[in-house]
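Spelled out from the first residue to the last, the chains are:
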Amino acid sequence: MTDTLTITRPDDWHLHLRDGAMLASVLPDTARQFGRAIVMPNLKPPVTTVAQAAAYRERILAVVPEGTSFEPLMTLYLTNNTPPDEIRRAKDSGFVHAVKLYPAGATTNSDAGVSDLAKCYKTLEVMQELGMPFLVHGEVTDPAIDIFDREAVFIERVMQPLRRDMPELKVVFEHITTKEAAQYVATAEGPIAATITAHHLLYNRNEIFKGGIRPHYYCLPILKREEHRLALVQAAVSGSDRFFLGTDSAPHPKGLKEHACGCAGCYTALHAMELYAQAFEDAGALDQLEAFASFNGPAFYNLPRNQGFVTLKRQSWTIPAELPMGEATIVPLNGGETINWQLIAQ
Ligand SMILES: NC(=O)N[C@@H](CC(=O)O)C(=O)O
Ligand SMILES: [Zn+2]
Ligand SMILES: [Zn+2]
């Protein structure tokens, strides 16, 4: 039995850091575990220009704890009106690494998102030409489609037509949750990859309703049936370099999670690598964790691997039930439960 696992310092390829006091509170958790993170642009208002991304990047760097090296990889939020030139400016900036698609209304802070991808084709063509990755929240917003089917239907209605029209566009299918998405990404032609969260590797949808309604397990895309969880685990441990780590850690104040209309998102930045280690160990595949967490992402984004290392030790500890974050309180995923692994930063 492996009790200690030292791996190249990992990166988080899908992260929500928010802004202001919340940013200052959550950033140290990520910076302790990860060398870099792809920072989601769904602020209010969203980060739609390179100038806004530059200012946001400065606000992030200002709260990186002293003695810690952490590099935020910035993204732009695509709107119906993003001009093709903004993509050229993004590429030239050196710090904007991707552009994000939020179908309008699909998830938290997506109201300014894209209503019809056809409106964005000129801009997408420039992304294809420049090799700028397109990060996709892959759910249709058609209210007639069942919430558990929105990702699978997105593949047919949006992903396949888009990739037929733009075969060289680099696409990351973000936070995949279904066997359909896992199979599509594993087998499709052309440059495509997917991020997978720890919570979708560990849990199926029963978790949301165990003994009552449990809002801290509510995220989008919503947890699915066990057969889908098993397909995601298989993809993550398969050795395919198309799958990599993206926590989708998405902090919301406790009061807005425990609410009549609670927000979607799980906070996992505190204990992300521990959760992934548990999922990989359960699958008997701890030896695949380093490629998933530290190699496949940089390869897809054309970035070097991190230099340092982190160590995971088999050592039980109790996840705090609540995290005081300035004025707000955040309930981490699995708060109050014990976990078998502990990350020792080096
Ligand atoms: N994943 C979530 O449930 N929520 C994310 C948005 C997103 O990634 O879709 C958030 O910003 O809160
Ligand atoms: Zn999303
Ligand atoms: Zn997200």
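Residues numbered from 1 in each chain as written. Chains lettered and ligands numbered in written order. Predicted model: local features only at pLDDT ≥ 70, side-chain atom pairs only at ≥ 80, totals over all residues. Heavy atoms only, no water.

Thoughts on the coordination of the zinc ion (ligand 3)
Item 1. In the first shell of the zinc ion (ligand 3), the protein supplies His14 (NE2), His16 (NE2) and Asp248 (OD), at 2.0 to 2.1 Å from the metal.
Item 2. Taken together, the four donor atoms coordinating the zinc ion (ligand 3) span angles of 94 to 135° at the metal, a pattern that classifies the geometry as irregular.
Item 3. Each donor residue of the zinc ion (ligand 3) lies on one chain, and together they are spaced H-x1-H-x231-D.
Item 4. In this structure, the zinc ion (ligand 3) lies 3.8 Å from the zinc ion (ligand 2). When sorted by exposure, histidine 14 lands in the same class as histidine 16, which is buried. (Donors = N, O, S within 2.8 Å, 3.2 Å for Na, K, Ca; no water. Tetrahedral: all angles 85-135°; square planar, octahedral: opposite > 155°, others 65-115°. Buried < 20%, exposed > 50% of the residue type's maximum accessible area, 1.4 Å probe, protein only.)

Remarks on the coordination of the zinc ion (ligand 2)
In an ideal tetrahedron of four donors about a metal, each angle is 109.5 degrees. In an ideal octahedron of six donors, the angles are 90 or 180 degrees.
Item 1. Donor atoms from the polypeptide that coordinate the zinc ion (ligand 2) comprise His137 (ND1) and His175 (NE2), at 2.1 Å from the metal.
Item 2. Its four donor atoms give the zinc ion (ligand 2) angles of 53 to 149° at the centre, a pattern that matches the irregular case.

Re the pattern of salt bridges
Item 1. Scanning the entire structure with this criterion turns up 14 salt bridges.
Item 2. Because the salt bridges share partners, they merge into one network encompassing Asp3, Glu281 and Arg314. (Salt bridge = Lys/Arg side-chain N within 4 Å of Asp/Glu carboxyl O.)

Focus: the sheet that holds strand 10 (residues 309-318)
Item 1. Judged by pairing direction, the sheet is antiparallel, and its three strands sit side by side in the order 1-10-13 without closing on themselves. The open sheet has two edge strands, strand 1 (4-8) and strand 13 (338-345), and neither has a second partner. Sheet twist, expressed as the mean angle between neighbouring strand axes with direction ignored, is 35°.
Item 2. Relative to strand 10, strand 1 runs antiparallel, the two being bridged by five bridges. (Pairing = 2+ DSSP bridges. Helix = DSSP H or I, 4+ residues; strand = E, 2+ residues; numbered from the N terminus. Axes fitted to C-alpha atoms, helices over the stretch in contact; angles between N-to-C directions.)

A word on the packing of aromatic side chains
Item 1. All told, the structure shown has ten aromatic pairs when counted by the stated rule.
Item 2. Pairing phenylalanine 300 with tyrosine 301 gives two aromatic rings, centres 6.1 Å apart and planes at 75°, and the pair type is edge-to-face. Tyrosine 301 carries the same exposure label as phenylalanine 300, and that label is buried.
Item 3. Within the aromatic cluster, the residues linked to one another by ring pairs are Trp13, Phe244, Phe300 and Tyr301.
Item 4. Note that lysine 170 overlies the ring of phenylalanine 300, its terminal NZ or CZ placed 4.9 Å from the centroid.
Item 5. Positioned above the aromatic ring of phenylalanine 295, the side-chain terminus of arginine 305 is 3.6 Å from the ring centre. (Phe/Tyr/Trp six-rings, centres within 6.5 Å; stacked < 30°, edge-to-face > 60°. Lys NZ or Arg CZ within 6 Å of the ring centre and 35° of its normal.)

Quick word on the site of ligand 1
Item 1. Around ligand 1 there are 15 residues in total, and Arg18, Thr107, Leu220, Asp248 and His252 lie nearest to it.
Item 2. At a separation of 2.8 Å, an oxygen atom of ligand 1 approaches a polar backbone atom of leucine 220.
Item 3. At a separation of 3.1 Å, an oxygen atom of ligand 1 approaches a polar backbone atom of alanine 264.
Item 4. Considered on its own, ligand 1 offers 310 Å² of accessible surface; in the complex 100% of this is hidden by protein. (Near = heavy atom within 4 Å. Polar contact = N/O pair within 3.5 Å; in protein donor to acceptor, adjacent residues only side chain to side chain. Areas by Shrake-Rupley, 256 points an atom, 1.4 Å probe, with all protein chains shown as cover.)

A short note on the UniProt feature "binding site: substrate" (unreviewed entry) in the chain
Item 1. According to UniProt, the "binding site: substrate" (unreviewed entry) feature falls on His16, Leu17, Arg18, Asn42, His137, Leu220, His252 and Ala264.
Item 2. Position of arginine 18 among the secondary structure elements: in the loop between strand 2 (12-15) and helix 1 (20-33).
Item 3. Exposure remark for arginine 18: the relative accessible area of 13% places this residue in the buried category.
Item 4. Sequence-distant contacts of arginine 18, that is, excluding residues within four places in its chain, are made with Leu23, Asn42, Leu43, Tyr56, Ala250, Pro251 and His252.
Item 5. When near neighbours in sequence (up to four residues on either side) are disregarded, alanine 264 contacts Thr108, Tyr218, Cys219, Leu220, His252 and Lys257. (UniProt positions renumbered as here; feature names shortened; annotations may be inferred. Contact = heavy atoms within 4.5 Å.)

Re the sheet that holds strand 7 (residues 171-173)
Item 1. Overall, parallel pairing links the eight strands, which are arranged 2-3-4-5-6-7-8-9 in an open sheet. The open sheet has two free edges, formed respectively by strand 2 and strand 9 (243-245), since each of these has just one partner strand. On average, each strand axis in the sheet is inclined to that of its neighbour by 30°, with strand direction left out of account.
Item 2. Taken together, the three bridges between strand 6 (residues 134-136) and strand 7 define a ladder with parallel strand orientation. By the bridge assignment, phenylalanine 134 is partnered in strand 7 with valine 171.
Item 3. Here helix 5 (residues 150-165) sits on the sheet and contacts strand 5 (96-101), strand 6, strand 7 and strand 8 (192-196); the angle it forms with strand 7, its principal contact strand, is near 175°.

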